[in-house]
Amino acid sequence: MPISREQVEKVSLLGRLLFSDNELDKMTCQLSDILEYMDLLAEVDTEGVEPMAHALDISDVFRDDEVRPSLDREAALAGAPHRDDECYLVPAVLGEL
Amino acid sequence: MNKPYTTIIGLEVHVQLATRSKLFCSCSTRFGSPPNTQTCPVCIGMPGTLPVMNRKAFELSLKTAVALNCEIPRFTKWDRKQYYYPDLPKGYQISQFDLPLSQNGYLPISDSKNQFEPKRIGIIRAHLEEDAGKSMHDEAAGVADSRIDLNRCGTPLLEIVSEPDMRSPAEAKAYLTELKLLLNYLEVSDCNMQEGSLRVDANINLHIDTPEGKIATPIVEVKNMNSFRAVERALEYEAKRQYEVWQETGRKLGDVPKSTHGWDEQAQVTREQRSKEESSDYRYFPDPDLVPVATTDEQIERARASLGELPAALRTRLEQTYNITPYDSDVLVNQGRDMVEYYIEVADACGDGKPASNWIQQDVLRTLGERQIGIAQYGVSAKALGELIGLVKAGKLTTSRGREVLAEMLASGKSAEEAMKGMGIEHLDESALEDLCRELLNANPRIVAEVKEGKQKAIGALIGQAKKKNPNVNPARVREICLELIEKEN
Ligand SMILES: [Zn+2]
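Given the structure is predicted, the values throughout are model-derived calculations rather than measurements.

*Asks:* In this structure, what is going on with the overall build of chain A? I would like to understand it.
*Replies:* For chain A, the count of helices and strands is three helices and two strands. Listing each helix as α and each strand as β along chain A from the N terminus yields α-α-β-α-β. Computed over the C-alpha atoms, the radius of gyration of chain A is 22 Å, more than 25% above the 13 Å expected from 2.2 N^0.38 for a compact globule of 97 residues. Across its three principal directions, the C-alpha atoms of chain A cover 55 × 45 × 30 Å. Looking at chain A alone, contacts between residues at least 24 apart form 31% of all its contacts between residues at least 6 apart. For chain A, the accessible area works out to roughly 7,400 Å², and carbon and sulfur atoms hold 56% of it.

Next up, the structure:
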């Protein structure tokens, strides 16, 4: 298996996904299949080929520093599950222990 | 002063770049707008949107990196730093990981009061990234929810990471002061800490000499410091705390994971904060939505040419050209480029750098402080102040009389000559002054006799009388002339 159950557990925690034991087993198998398939790429001879940072061979795409109108606040907040007149509401975020 | 340990400090500074629009969209970066009125599908992370880089943000970053003596790689790219936090709607921050736009620079620091030796603080890297939003929690009200304002989301930040080269809280403060001054001179950021345009996180630990050799304490990251003074205090407190903890527990670097402490300004202590779960695992990968930037030699040269004369070079020039002390040049340069230009004009107009510096530090700065204004709003032009200092230097006005004239110039906007005329102060030319002295000597034969016996001090009484007759006389000149006249008589 290219990926262990422990690794899947860790990744699911980082992704804030809660899996049952059964689902974890299933994910481990499926992710392993995917990774094994991707290993096919390792068979390609890349000797002398420069690594790319991007799929497109272009660089330096910029826009000018100009302000354009933003979304209306009502529109921005429209899809929020919880909100008040001005803000999105989320469960308490507290910094200290 | 001799501590049983060495303090090791590295600083991470985030500065908000002075652009009008955000890093990847055209929303305004204005501070203080009503919550959630400066957002769009790009900066709140709607699916299907594409970020496009703000050219100005890149140019300001490049300019800063060059001024910080950094190497500028010819190729740079942006990566996704993934973590879940309510103020980060995309679930990742666009930042730079393995190919930052600059690295390996340095910033020289020194202390005009010689608290530490001049040194260079290494810059590991300076990279361009986007800011997150703001979460607000009203604990006092006991509300269950936090409120999220995403106006700040996507604002361009330059993250400047220093080497752990600072050996005391005072050095850390000096580094921050010099960095902020540099950023002001470059006009890349307003550096307003209250508005969050400049944020400082510190990494600190101790090296302790023990009979078993040198040991290091666990590194602590200190956050929530809202002024340079707070940084200095927090680091002083944290160093002491780490030494005490080490004495109690003997815990060394590597025994416990790196922890984060927040500075509590009210209680003047650092407190441990909850660490984000697995927060060190950001799973960076190249952002497929953004193409890389290939910086050219020409761009770098253009950035270098746009720097202007920077604080360190200006201090040296003022000391050498105008013969002022490092302390004086430091005070002037720290006031900003406008003040340096004002000073140079005053010094050139009166032909002497020292009194120009004294008048600015003692009189001009006091007025600016009282009125909470900058030199651009000061009512006396550099030329006019130079002219006034020239008159004082030539002995036509005493310093205290000169101050009164300056006050009048400030109130009325008049030139030095006009202000003097308005105040009824006429120049005493040399012959008038001589007449006055002769008159005094004739009226005071006893004093003349005393001087002839060798008691030169007796002249003092005449100076008082001269001032009564004409408040504008220069006491030193009266003394000289009287002595000369008595000498001639002999
Ligand atoms: Zn936007």
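*Asks:* What's the story with the packing of aromatic side chains in this structure? I'm lost.
*Replies:* Given two aromatic rings, one states the distance between the centres and the angle between the planes to describe the pair. Residue and element names in this part refer to chain B. The tally for this structure, following the rule as stated, stands at 10 aromatic pairs over all chains. Aromatic pair Tyr-282 and Tyr-284: ring centres 6.2 Å apart, planes at 75°, arrangement edge-to-face. Grouped by ring-pair contacts, the aromatic residues Tyr-83, Phe-97, Tyr-282 and Tyr-284 constitute a single cluster. For the cation-ring pair, Arg-120 lies above Tyr-106, with the distance from its terminal atom to the ring centre recorded as 3.7 Å. Directly above the aromatic system of Trp-359 lies the positively charged group of Arg-403, at a separation of 5.9 Å from the ring centroid.

*Asks:* Could you clarify how one ought to interpret the environment of Thr-217 of chain B in this entry?
*Replies:* All names here are of chain B. Looking at the secondary structure, you find Thr-217 in the loop between strand 12 (213–216) and strand 13 (220–225). Given the relative accessible area of 2%, Thr-217 is considered buried. Residues Thr-217 and Gly-254 lie 37 residues apart in sequence; the distance between their C-alpha atoms is 8.5 Å. Aside from chain neighbours lying at most four places away, what touches Thr-217 is Asn-205, Leu-206, Ile-208, Gln-242, Trp-246, Arg-251, Lys-252 and Leu-253. Separated by 2.8 Å, the side chain of Thr-217 and the backbone nitrogen of Leu-206 make a polar contact.

*Asks:* Would you mind showing me how to read the sheet that holds strand 9 (residues 145–149) of chain B here?
*Replies:* In a beta sheet, neighbouring strands are held together by backbone hydrogen bonds and run either parallel or antiparallel to one another. Pairing in this open sheet of three strands is antiparallel, and the strands run 2(A)-9(B)-8(B) from one edge to the other. Bordering the open sheet on either side are strand 2 (88–91) of chain A together with strand 8 (134–136) of chain B, each of which pairs with just one other strand. Here the average twist between neighbouring strands, direction ignored, is 35°. Both strand 8 of chain B and strand 9 of chain B contribute to a ladder of three bridges, which runs antiparallel. Bridged to Lys-134 of chain B within strand 9 of chain B is Asp-149 of chain B.

*Asks:* Help me understand a nonpolar patch on the surface in this model?
*Replies:* Residues and elements named next belong to chain A. A cluster of nonpolar side chains, contributed by Leu-31, Ile-34, Tyr-37, Met-38, Leu-40, Leu-41 and Val-44, occupies part of the molecular surface with about 700 Å² of accessible area. Here Leu-40 shows up in the loop between helix 2 (21–38) and strand 1 (62–63). For Leu-40, a relative accessible area of 43% corresponds to the partly exposed category.

*Asks:* For this particular structure, what's the right way to read the coordination of the zinc ion?
*Replies:* Angles between donor atoms at a metal ideally measure 109.5 degrees for a four-coordinate tetrahedral arrangement and either 90 or 180 degrees for a six-coordinate octahedral one. All names here are of chain B. Bound to the zinc ion on the protein side are Cys-25 (SG), Cys-27 (SG), Cys-40 (SG) and Cys-43 (SG), at distances that span 2.3 to 2.4 Å. Coordination at the zinc ion comes from four donor atoms whose angles at the metal span 100 to 114°, giving a geometry best classed as tetrahedral. In the primary structure, the donors to the zinc ion are separated according to the pattern C-x1-C-x12-C-x2-C. With Cys-27 in the loop between strand 1 (5–16) and strand 2 (53–54) and Cys-43 in the loop between strand 1 and strand 2, this residue pair connects regions lying 16 residues apart in the sequence. In terms of burial, Cys-27 and Cys-43 fall into one category: buried.

*Asks:* Sorry, what's going on with the pattern of salt bridges here?
*Replies:* Between side chains of opposite charge, pairing is possible as soon as their charged atoms come close. All names here are of chain B. Under the defined criterion, the tally for this structure stands at 35 salt bridges over all chains. Between Glu-298 and Arg-302 there is a salt bridge, and its shortest N-O distance comes to 3.7 Å. Residue Glu-298 and its partner Arg-302 are located together in helix 4 (residues 297–305), separated by four residues, close to a single helical turn. Taken together, the shared-partner salt bridges in this structure form one network comprising Asp-201, Glu-221, Lys-223 and Lys-258.

*Asks:* Can you walk me through the sheet that holds strand 5 (residues 92–95) of chain B in this structure?
*Replies:* Residue and element names in this part refer to chain B. Pairing is antiparallel in the open sheet, where three strands are placed in the order 5-4-16. Whereas interior strands pair on both sides, the edge strands pair on one side only; in this sheet they are strand 5 and strand 16 (285–286). Pairing of strand 4 (residues 79–82) with strand 5 involves four bridges; the strand directions are antiparallel. By the bridge assignment, Asp-79 is partnered in strand 5 with Ser-95.

*Asks:* So what exactly am I meant to see when it comes to helix 12 (residues 430–443) of chain B here?
*Replies:* Since the α-helix packs 3.6 residues into each turn, any two residues three or four apart lie on the same face. Residue and element names in this part refer to chain B. Here helix 12 contains 14 residues, and its C-alpha end-to-end distance of 20 Å stays within 8% of the 20 Å for a straight helix at 1.5 Å per residue. Within the span of helix 12, buried status applies to Leu-433, Leu-436, Cys-437, Leu-440 and Leu-441. Within helix 12, the buried residues cover an arc of 135° as seen down the axis, which keeps them to one side. Helix 12 presents Asn-442 and Ala-443 as exposed residues on the side facing more than 90 degrees away from its buried surface.

*Asks:* In this structure, what is going on with helix 9 (residues 382–393) of chain B? I would like to understand it.
*Replies:* Taking 1.5 Å per residue as the helical rise, helix 9 of chain B with its 12 residues ought to reach 16 Å, and the 16 Å between its terminal C-alpha atoms agrees with that figure. Looking at the residues trailing helix 9 of chain B, positive phi occurs at Gly-395 of chain B, about 85°.

Parameters at a glance
- Residues numbered from 1 in each chain as written.
- Chains lettered and ligands numbered in written order.
- Predicted model: local features only at pLDDT ≥ 70, side-chain atom pairs only at ≥ 80, totals over all residues.
- Heavy atoms only, no water.
- Helix = DSSP H or I, 4+ residues; strand = E, 2+ residues; numbered from the N terminus.
- Rg over C-alpha atoms; globule rule 2.2 N^0.38 Å.
- Contact = heavy atoms within 4.5 Å.
- Areas by Shrake-Rupley, 256 points an atom, 1.4 Å probe, with all protein chains shown as cover.
- Phe/Tyr/Trp six-rings, centres within 6.5 Å; stacked < 30°, edge-to-face > 60°.
- Lys NZ or Arg CZ within 6 Å of the ring centre and 35° of its normal.
- Buried < 20%, exposed > 50% of the residue type's maximum accessible area, 1.4 Å probe, protein only.
- Polar contact = N/O pair within 3.5 Å; in protein donor to acceptor, adjacent residues only side chain to side chain.
- Pairing = 2+ DSSP bridges.
- Axes fitted to C-alpha atoms, helices over the stretch in contact; angles between N-to-C directions.
- Patch = residues over 30% accessible without salt bridge, like charges linked within 9 Å, V, L, I, M, F, W, Y side chains within 5 Å.
- Salt bridge = Lys/Arg side-chain N within 4 Å of Asp/Glu carboxyl O.
- Donors = N, O, S within 2.8 Å, 3.2 Å for Na, K, Ca; no water.
- Tetrahedral: all angles 85-135°; square planar, octahedral: opposite > 155°, others 65-115°.
- Expected span 1.5 Å × (residues − 1).
- Arc of directions from axis to C-beta.

Without other data, these values stay purely geometric and don't point to any function.
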